[in-house]
Amino acid sequence: MQYDMYIVDAFTQAQFKGNSAAVVPVTQWPQDATMQHIAAENNLSETAFIRSVESAQGFYFEIRWFSPLTEIDFCGHATLAASFVIFNHLGVQGEITFVTREVGRLTVNQLTDQRIEMSFPNQKPEPIAEVPGALLQGLSEQPVQVLRNRQAYFAVFDNSAVVEQLTYHSDVLKQLAPFDVVATAPSEQYDFTSRYFWPANGGDEDPVTGSIHAGLAPYWAERLGRSELVAYQASQRGGVLHCQVGEERVLVSGFAVLYLQGTIFIVD
């Protein structure tokens, strides 16, 4: 079997920044084991597989996301990368609808400045009664507040310098599975900053994580008293995300840049 594949740097306007994702369009779903092998071979934080579907309800795409370790419920930067490929290489214009297995329908539009805007379910985190010892032991600094949503623990700090200088112990944070950990703080240059650690599900630190901003943006919107926010994920590669918070949905947008276009050869 042969599959086209694209590698796209998401949430950036420059190559080698943001977060890289592979995008593989398929006409029929390969076996799960094959998709997992492809994602492991790519060794990127995510590989997105997309399949176009025409039905009585209209045209849409199914999307599935795989890290090198496992299938992922929800991935924002790989959705942005997939949308970039659909808009720029598959000839689709107008709004895209993705159907997912775990987070419902996602709609995507390309804005006039070429940013790609994704509509995600609002996944605002809630405070927790007891902070896991593995979270406190796994981070070099103690957070001032801890919350959680369906995806991760949110470790909140007082300023962005603490987040940027934070060190972590992957083996300890892995004990929090199936949850990941996001560290976040207010920022002087942006509205807020974050870093994302996910040793239980993909790797040590994710460069830019679109999905977690469906939780970060509602938290900071309430705390800062405004619904439109600009965020920075302070990884080594770094990335900028524009967020708009509604009661039920969070719009997350960013730029993307193509790095590679090629062909995968799968031997039966």
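I will try to describe carefully the structure that is included in this document. The residue numbers shown here count from 1 along each chain, following its written sequence. Selection of residues for local features in this predicted model requires a pLDDT of at least 70, selection of side-chain atom pairs for listing and counting requires 80 or more, and totals for whole chains, interfaces and linings are taken over all residues. The side-chain values count all of the structure's non-hydrogen atoms but skip hydrogen atoms and water molecules.

### Section: the overall build of the protein
Along the backbone of the protein there are 6 helices and 18 strands. Projected onto its principal axes, the C-alpha positions of the protein cover 50 × 40 × 35 Å. When a residue's accessible area, from a 1.4 Å probe over protein chains only, is under 20% of the maximum for its type it is buried; when over 50% it is exposed; and in between it is partly exposed. With 268 residues in all, the protein has 56% of them scored as buried. Contacts are assigned to residue pairs with any non-hydrogen atoms lying within 4.5 Å of each other. For the protein, contacts bridging at least 24 residues in sequence account for 62% of all contacts bridging at least 6. Only the protein chains shown count as cover for residues, and the accessible areas themselves come from Shrake-Rupley with a 1.4 Å probe. Surface summary for the protein: the accessible area is close to 12100 Å², and the carbon and sulfur share equals 44%. Computing the positive centroid from 15 side-chain charges and the negative centroid from 30, the protein places the two 2 Å apart. Strands are runs of DSSP state E lasting at least 2 residues, helices are runs of H or I lasting at least 4, and numbering of each runs from the N terminus. For the purpose of charge, His is not counted, nor are the chain termini; Lys and Arg are scored as positive and Asp and Glu as negative. Every charge is mapped onto a representative atom, which is NZ of Lys, CZ of Arg, CG of Asp or CD of Glu.

### What about helix 2 (residues 76-89)?
Expected helix span is taken as 1.5 Å per residue step, with the number of steps being one fewer than the number of residues. With 14 residues, helix 2 extends 19 Å between its outermost C-alpha atoms, agreeing within 8% with the 20 Å of an ideal straight helix rising 1.5 Å per residue. Of all 14 residues in helix 2, 12 are buried, a share of seventy percent or more. When helix 2 is considered as a whole, its buried residues turn out to be Gly76, His77, Ala78, Thr79, Leu80, Ala81, Ala82, Ser83, Phe84, Val85, Ile86 and Phe87.

### Concerning unusual backbone geometry
With omega at 10 degrees, the peptide bond leading from Ala177 into Pro178 counts as cis. Mapped onto the elements of the fold, Pro178 is located in the loop between helix 5 (170-173) and strand 12 (180-186). Of note in the backbone geometry, Phe11 takes a positive phi value of approximately 65 degrees without being a glycine. Relative to the helices and strands, Phe11 is located in the loop between strand 1 (2-10) and strand 2 (19-26). Overall, Phe11 belongs to the buried group, its relative accessible area being 2%.

### Examining a nonpolar patch on the surface
Patch definition: residues with relative accessible area over 30% and no salt bridge; like charges joined within 9 Å; nonpolar side chains (Val, Leu, Ile, Met, Phe, Trp, Tyr) joined within 5 Å. The working definition used for a salt bridge is a side-chain nitrogen of Lys or Arg within 4 Å of a carboxyl oxygen of Asp or Glu. Taken together, the side chains of Phe16, Tyr259 and Leu260 present a nonpolar region at the surface, about 310 Å² in accessible area. Note on placement: Leu260 falls in strand 18 (residues 256-265). In this structure Leu260 comes out as partly exposed when scored by relative accessible area, which is 31%.

### Let's talk about the pairing of strand 1
For strand 1, the buried fraction is high: 7 of the 9 residues fall into the buried class. Examined bridge by bridge, strand 1 and strand 18 share 9 bridges and lie antiparallel to one another. Its bridge partner lying in strand 18, Tyr6 is registered against Gln261. A pair of strands is treated as paired once DSSP finds two or more bridges between them. Note: strand 1 against strand 2, 5 bridges, orientation antiparallel. Along strand 2, the bridge assignment pairs Asp9 with Ser20.

### Quick word on helix 6 (residues 213-224)
Buried residues dominate helix 6, accounting for 9 of its 12 residues. Residues His213, Ala214, Gly215, Leu216, Ala217, Pro218, Tyr219, Trp220 and Ala221 constitute the buried set of helix 6. Just downstream of helix 6 lies Gly225, where phi reads positive at about 75 degrees.

### Quick look at the nonpolar core
Phe11, Ile50, Trp65, Ile96, Phe98, Met118 and Val252 are the most contacted members of the largest nonpolar core, which totals 55 residues. Per element, the largest residue contribution to this core is 8 residues, and it comes from helix 2. Counting residues in each nonpolar core, the second largest holds 17 residues, with Ala155, Leu176, Phe179 and Ala185 among its members. We call a set of buried Ala, Val, Leu, Ile, Met, Phe, Trp, Tyr and Cys residues a nonpolar core when their side-chain atoms join them within 4.5 Å.

### Considering the pattern of salt bridges
The tally for this structure, following the rule as stated, stands at 9 salt bridges. A salt bridge links Glu71 to Arg64, with the nearest nitrogen and oxygen atoms 2.8 Å apart. Arg64 gets classed as buried once you look at its relative accessible area, which sits at 4%. Between Arg150 and Asp73 there is a salt bridge, with its nearest N and O atoms 3.8 Å apart. Separated by 77 residues along the polypeptide, Arg150 in the loop between strand 10 (145-148) and strand 11 (152-156) and Asp73 in the loop between strand 5 (71-72) and helix 2 bring together distant segments of the chain. Looking at Arg150, the relative accessible area reads 42%, which means it is partly exposed. Relative accessible area serves as the criterion here: at 39%, Asp73 is assigned to the partly exposed category. One connected set of salt bridges, linked through shared partners, spans Asp32, Arg64 and Glu71.

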